[in-house]
Amino acid sequence: MASQPHSLSYVGCNFLRQRLVLSTLSGRPVKIRRIRAKDDNPGLRDFEANFIRLIDKITNGSRIEINQTGTTLYYQPGLLYGGSLEHDCSPNRSIGYYLESLLCLAPFMKHSLRIILRGVTNDQVDPSVDVLKATALPLLKRFGIDGEELELKITRRGMPPKGGGEVIFTCPVKKAVKPVQFTDPGKIKRIRGVAYSVRVSPQIANRIVDSARNILNKFLPDIYIYTDHMKGTSSGKSPGFGLSLVAETTNGVFLSAELASNPQGEGVAVLPEDLGTNCAKLLLEEIYRGGCVDSTNQSLVLLLMTLGQQDVSKVLLGTLSPYTIEFLRHLRSYFQIMFKIEVKPSDEERKGGEKVLMTCVGTGFSNLSKTVK
Amino acid sequence: NLESKSVKEEDGIESLLKEEDEYKEAADFSADTAGALKWKEDLTQKAAEAFLRQQQSAPNLRKLVYGAVAEDEEDEGEAGEELGGLFRVSRPDKESKRKADALDCSKFPVEDPQNWDLDEVMDSIRDCFVTGNWEA
């Protein structure tokens, strides 16, 4: 193609997902060099190769070239195709790793996406499916990506190292994304949570709930933590337990925190009471950071603002995470969008830390793959 | 880029110093006329601190995000390595290299958790809840 845009070049394996996702959306090819070049075991890991396969699955006409050692990757994006798919995720990363990118891409497919993902549903590294369900989906709705189709169903739970979990993610297709003005987080009116346990005593979930409530009840009476004990085939292949908590405000902001037990055979056993207490404290930290968007979803909201109609979007965020900062740089290189970043010092004493007001004008991105009806 | 940054910083400090001089005169004047008004003494200091604080937080976040271009800095680094022959400049920041191959994860871990058992710490987020104070 003569009009092929100039490709971008990066070094190292970090932020691989951002780079491939933005490349797919913007249509700019990307080259990533020196992936773990100095490592004893150089090149792409199996979970990254698995991610690239997933990208290949949801697009049509992508060109992917990887050199023999796997240290260089060239990706020329095709069209986002979507449709009804299945994917076995690598058990080395949780489904959340893959799902985060799918959340960015799904609204811009040709056919609405319905995908069954199998693998690890909850681990200690990535955002779990529970958290993404509770925080990312409401965020998509705010940008006008809604409807009955927007759903994330957890049919089986799977803990590391072996996984065996399964989720079904469906997302409708939208032609354009609405701009948002999202600057008042409101006040937290309730806290919900899920304490899950698989292949261990169901009593563990109750112990987690009690200890987490002990802390959170000092702030709010309206707390309900569901216990989710899955049995038989829906409990995956490895034992484990954990807790995810979500605070909901009067203005529909969702802030989350989560913890999971150590994978079988790694580290010392975690007491359910400690896990509950620590997770509750993590939620308080997240509330202290505050903002209108959970820290794990900062990049998702910034992406949707960038892709919005040509109008001003504003969002109040808590402290920017390193991942988000890198994402902002990537947005600049792929979409030539720079955000206006204003630090709002906490004027009132009792409302947590500094907030950051992010403002931008959308690029007026419209979904070219979607057929006009 | 680094140079311009340091120059800017110097500028900032210089302007700060200038202000301080002006204030000193005023302070001397007041010391001559009236009795020692203690609270006035560190006004300059306070103003300077407030000024610095603002300088640090507001534009620097933008600089932090957009200032340093992480894209393909590596080429320069490699050129530098070959220059020395015997000696190798290992400065091309190890940190960014480590970052380049770090774990790709969107979670934002809490680095130094606060002690949430203390009342003061708990009070710092009290008004984020419906149970806290509602301003008009």
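None of these values were measured; they are calculated from a predicted model.

Participant: Now, about the overall build of chain B: what can you tell me, with residues and values included?
Facilitator: On a plain count of helices and strands, chain B comes out with 6 helices and 0 strands. Reading chain B from its N terminus to its C terminus gives the helix and strand order α-α-α-α-α-α. Out of the 136 residues in chain B, the part that is buried amounts to 18%. Taken as a whole, chain B presents about 10,600 Å² of accessible surface, with 54% of it coming from carbon and sulfur.

Participant: Got a sec to walk through the overall build of chain A? Specific residues and values, please.
Facilitator: Assigned secondary structure in chain A consists of 8 helices and 18 strands. Put simply, chain A has 373 residues, and 60% of those count as buried. The contacts in chain A between residues at least 6 apart in sequence include a share of 74% that link residues at least 24 apart. Carbon and sulfur atoms form 49% of the exposed surface of chain A, whose accessible area is close to 14,300 Å².

Participant: Describe empty space enclosed by the protein, naming the residues involved and giving the relevant values.
Facilitator: A probe matching the size of a water molecule, rolled over the atoms, marks out where space remains unfilled. Residue and element names in this part refer to chain A. Scanning the model with the defined rule gives 3 cavities of 30 Å³ or more in all. A volume near 150 Å³ is recorded for the largest cavity. Lining the largest cavity are 15 residues, and of these Glu100, Ser101, Cys104, Ser299 and Tyr323 lie nearest its centre. Put simply, the parts of the chain that give the lining of the largest cavity at least two residues each are helix H1 (16-26), helix H3 (95-105), helix H7 (298-306) and helix H8 (322-335).

Participant: So, helix H6 (residues 272-289) of chain A: which residues are in play, and what are the values?
Facilitator: Residue and element names in this part refer to chain A. Over its 18 residues, H6 extends 26 Å from the first C-alpha to the last, a length consistent with the 26 Å expected when each residue adds 1.5 Å. Residues Pro272, Leu275, Gly276, Cys279, Ala280, Lys281, Leu283, Leu284, Glu285, Glu286, Ile287 and Arg289 constitute the buried set of H6. Immediately beyond the C-terminal end of H6, within one or two residues, lies Gly290, with a positive phi of roughly 65°.

Participant: Quick rundown of H7(A)? Include the residues and the values.
Facilitator: All names here are of chain A. Buried residues dominate H7, accounting for 9 of its 9 residues. Gln298, Ser299, Leu300, Val301, Leu302, Leu303, Leu304, Met305 and Thr306 are the residues of H7 that are buried. Summarising the contacts, the buried residues of H7 are in contact with H1, H3, helix H4 (129-142), strand E16 (312-317), H8 and strand E18 (355-361).

Participant: Could you give an account of the side chain of Ser261(A), with specific residues and numbers?
Facilitator: Residue and element names in this part refer to chain A. By secondary structure assignment, the location of Ser261 is in the loop between strand E15 (254-260) and H6. Ser261 sits in the buried class, given a relative accessible area of 7%. Setting aside its immediate chain neighbours within four residues, Ser261 contacts Gln124, Met159, Gly240, Phe241, Val270 and Leu275.

Participant: Could you give me a rundown of unusual backbone geometry, with the residues and numbers involved?
Facilitator: All names here are of chain A. In the segment running from Pro160 into Pro161, the intervening peptide bond is cis, with an omega of 5°. Within the secondary structure layout, Pro161 lies in the loop between strand E9 (151-156) and strand E10 (165-171). Its identity as a non-glycine residue notwithstanding, Phe15 has a phi of 60°, on the positive side. Counting through the fold element by element, Phe15 comes out in the loop between strand E1 (8-11) and H1. Taking the relative accessible area as the measure of exposure, Phe15 reaches 8% and is therefore buried.

Participant: Before we move on, can you summarise the pairing of strand E7 (residues 82-88) of chain A with the specific residues and values?
Facilitator: Remark: a regular strand shows side chains that alternate across the two faces of the sheet. All names here are of chain A. Pairing analysis gives 6 bridges linking E7 to strand E8 (residues 111-119), with the strands arranged parallel. Across the sheet, residue Ser84 finds its bridge partner in E8, namely Arg114. Assessed by its sense of winding, the connection that carries the chain from E7 through H3 to E8 is right-handed.

Participant: Any chance you could break down the packing of H7(A) against H8(A) for me, citing the residues and the numbers?
Facilitator: Residue and element names in this part refer to chain A. Axis separation between H7 and H8 bottoms out at 9 Å; the angle between their running directions is 20°. In terms of orientation, H7 lies roughly parallel with respect to H8. Regarding H7 and H8, the two cross each other, and that crossing is right-handed. Two secondary-structure elements touch here, H7 through Gln298, Ser299, Leu302, Leu303 and Thr306 and H8 through Tyr323, Thr324, Phe327, Leu328, Leu331 and Phe335. A per-class count over the contact of H7 with H8 returns 7 nonpolar, 4 polar and no charged.

Participant: Before we move on, can you summarise the sheet that holds strand E5 (residues 73-76) of chain A with the specific residues and values?
Facilitator: Residues and elements named next belong to chain A. The strand order across the open sheet built from 4 strands is E1-E2-E5-E4, with neighbouring strands paired in mixed fashion. Each end of this open sheet is capped by a strand with a single partner; those strands are E1 and strand E4 (63-66). This sheet shows a mean twist of 10° between the axes of neighbouring strands, independent of strand direction. Relative to E5, E4 runs antiparallel, the two being bridged by 4 bridges. Note that in E5 the partner of Glu65 across the bridge is Tyr74. Running at roughly 155° to E1, H8 makes contact with E1 and strand E2 (30-33) of the sheet.

Participant: I'd love a proper account of the environment of Asn367(A), names of residues and values included.
Facilitator: All names here are of chain A. Relative to the elements of secondary structure, Asn367 occurs in the segment after E18. For the pair formed by Asn367 and Val173, sequence separation is 194 residues and the distance between their alpha carbons is 8.6 Å. Asn367 has contacts with Pro107, Phe108, Met109, Val173, Lys174 and Lys175, leaving out every residue within four places of it along the chain.

Participant: Would you mind going over the sheet that holds strand E13 (residues 223-230) of chain A in detail, with residue names and values included?
Facilitator: Note: strands within a sheet are paired through backbone hydrogen bonds, in either parallel or antiparallel orientation. All names here are of chain A. An order of E13-E12-E14-E15 is seen for the 4 strands of this open sheet, with the pairing classed as mixed. Each of the sheet's edge strands pairs with one partner strand only, and the pair in question is E13 and E15. On average, each strand axis in the sheet is inclined to that of its neighbour by 15°, with strand direction left out of account. Across 7 bridges, the pairing between strand E14 (residues 240-249) and E15 is antiparallel. Directly across from Gly242, in E15, lies its bridge partner Ala260. The strands touched by H4 within the sheet are strand E12 (188-198), E14 and E15, with E15 carrying the most contacts at an inclination of about 165°. Packed on one face of the sheet, helix H5 (residues 203-216) meets E12, E13 and E14 and runs near 165° to E13.

Participant: Residue-level account of the nonpolar core, with values.
Facilitator: All names here are of chain A. If you look at the biggest cluster of nonpolar residues, it comprises 119 residues, and the most contacted ones within it are Leu25, Phe169, Ile191, Ile287, Leu302 and Phe339. For this core, the element with the most residues is H3, which contributes 8 residues. Counting residues in hydrophobic clusters, the runner-up holds 5 residues, among them Met159, Val198, Met230 and Ala260.

What counts, and where the lines are drawn
Residues numbered from 1 in each chain as written. Chains lettered and ligands numbered in written order. Predicted model: local features only at pLDDT ≥ 70, side-chain atom pairs only at ≥ 80, totals over all residues. Heavy atoms only, no water. Helix = DSSP H or I, 4+ residues; strand = E, 2+ residues; numbered from the N terminus. Buried < 20%, exposed > 50% of the residue type's maximum accessible area, 1.4 Å probe, protein only. Areas by Shrake-Rupley, 256 points an atom, 1.4 Å probe, with all protein chains shown as cover. Contact = heavy atoms within 4.5 Å. 1 Å grid on protein atoms, 1.4 Å probe; cavity = no way out; pocket = protein on both sides within 12 Å on 5 of 7 lines; lining within 4 Å. Points joined across faces, edges and corners; volume = space filled by probe spheres on them. Expected span 1.5 Å × (residues − 1). Pairing = 2+ DSSP bridges. Right-handed = clockwise from strand over helix to strand, strands pointing away. Axes fitted to C-alpha atoms, helices over the stretch in contact; angles between N-to-C directions. Parallel < 35°, antiparallel > 145°, perpendicular 65-115°, else oblique. Left-handed = near helix turned anticlockwise from the far one by under 90°. Nonpolar A, V, L, I, M, F, W, Y, C, P; charged D, E, K, R; others polar. Core = buried A, V, L, I, M, F, W, Y, C linked by side-chain atoms within 4.5 Å.

Shape is all these values report; function is a separate question.
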